[in-house]
Amino acid sequence: MSEATRKFFKALERHGHERLLKKTNGTIRFDLERDHDVDHWFVEIRGGVVRVSQQNRAADTVIRSDDAFFDRMVRGEAKPHPAWLRNDITLKGQLRLVSLLERLFAPPPNARHPRIAARDRGRQG
């Protein structure tokens, strides 16, 4: 598995409580394919508390991707929902968890918060 993937899940686990997910309860299993093997990452969210393990167990939502594409999502180059619509990833279970999970992935490269972009435009004009 790639270093970017490992860092993403370790950061989720280290962060522990995610304010953006405080009203969320559910489990997501990521099945990341590489060569002829599959790495499993199990994410449990209970009231904003995020726990991560490498268990292959039943989950509310299962996301399957190749590890190279998942790395693109981790770096903010792709988002889960559009990737699912394009069949870059497959999904079984609750789509709402994927939508909520998008908040945890990195923003697109060179992205800026809308308030900062508006402030910068105001200074130019």
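Now for a look at the structure at hand. (Residues numbered from 1 in each chain as written. Predicted model: local features only at pLDDT ≥ 70, side-chain atom pairs only at ≥ 80, totals over all residues. Heavy atoms only, no water.)

### A word on the packing of aromatic side chains
Any two aromatic rings considered together are summarised by their centre-to-centre distance and by the angle between their planes. Operational definition: The criterion for an aromatic pair is that two Phe, Tyr or Trp rings (for Trp, the six-membered ring) have centres within 6.5 Å, with stacked assigned to planes under 30 degrees apart, edge-to-face to planes over 60 apart and tilted to the rest. Working definition: helices are DSSP H or I runs of at least four residues, strands are E runs of at least two. Numbering for both runs from the N terminus. Type-normalised accessible area, obtained with a 1.4 Å probe on protein chains alone, sets the label of each residue: buried when under 20%, exposed when over 50%, and partly exposed for intermediate values.
Going through the model one piece at a time under the given rule, you end up with six aromatic pairs. Seen from their ring centres, Phe 30 and Phe 70 are 5.4 Å apart, and the 65° between their planes marks the pair as edge-to-face. Here Phe 30, found in strand 1 (residues 25-34), pairs with Phe 70, found in helix 2 (residues 67-74); they are 40 residues apart in sequence, far enough to count as distant. The exposure class of Phe 30 is buried, given its relative accessible area of 1%. Among the aromatic residues, ring-to-ring pairing joins Phe 8, Phe 9, Phe 30, Trp 41 and Phe 70 into one connected group.

### Section: the pairing of strand 4 (residues 61-66)
Quick reminder of the rule: DSSP calls a pair of strands paired once it identifies at least 2 bridges connecting them.
Bridging between strand 1 and strand 4 involves six bridges; their strand directions are parallel. Bridging from a neighbouring strand, Leu 32 pairs with Ser 65 of strand 4. With four bridges connecting them, strand 4 and strand 5 (residues 90-93) associate as antiparallel partners. Counted as the bridge partner of Arg 64 is Thr 90 from strand 5.

### Describing the sheet that holds strand 5
The cut-off we apply is this: Structural elements are reduced to axes, namely lines fitted to C-alpha atoms, with helices fitted over the stretch in contact, and the angle between N-to-C directions of any two is expressed from 0 to 180 degrees. In this description, contact between two residues means that some pair of their heavy atoms is separated by no more than 4.5 Å.
Pairing within the open sheet is mixed, and its five strands lie in the order 3-2-1-4-5. This sheet does not close on itself; its edge strands, each paired only once, are strand 3 (49-53) and strand 5. The mean inter-strand angle of the sheet, taken between neighbouring strand axes irrespective of direction, is 15°. Against the sheet, helix 1 (residues 3-15) contacts strand 1, strand 2 (37-46) and strand 3, and its axis sits at roughly 140° relative to strand 3. Along the sheet, helix 2 contacts strand 1 and strand 4; its crossing angle with strand 4, the most-contacted strand, is approximately 110°.

### Describing helix 2
In an α-helix, one full turn covers 3.6 residues, which means residues spaced three or four apart are oriented alike. Basically, it comes down to this: Counting of polar contacts relies on pairs of N or O atoms within 3.5 Å, with two restrictions inside protein: one atom must be capable of donating a hydrogen and the other of accepting it, and residues adjacent in sequence are counted only when both atoms are side-chain atoms.
Here helix 2 has its buried residues at Phe 69, Phe 70, Asp 71, Met 73 and Val 74. Of the surrounding elements, those touching the buried residues of helix 2 are helix 1, strand 1, strand 4 and helix 3 (80-85). A distance of 3.1 Å separates the backbone nitrogen of Ala 68 from a side-chain oxygen at the start of helix 2, and that oxygen is part of Asp 66. Just downstream of helix 2 lies Gly 76, where phi reads positive at about 85°.

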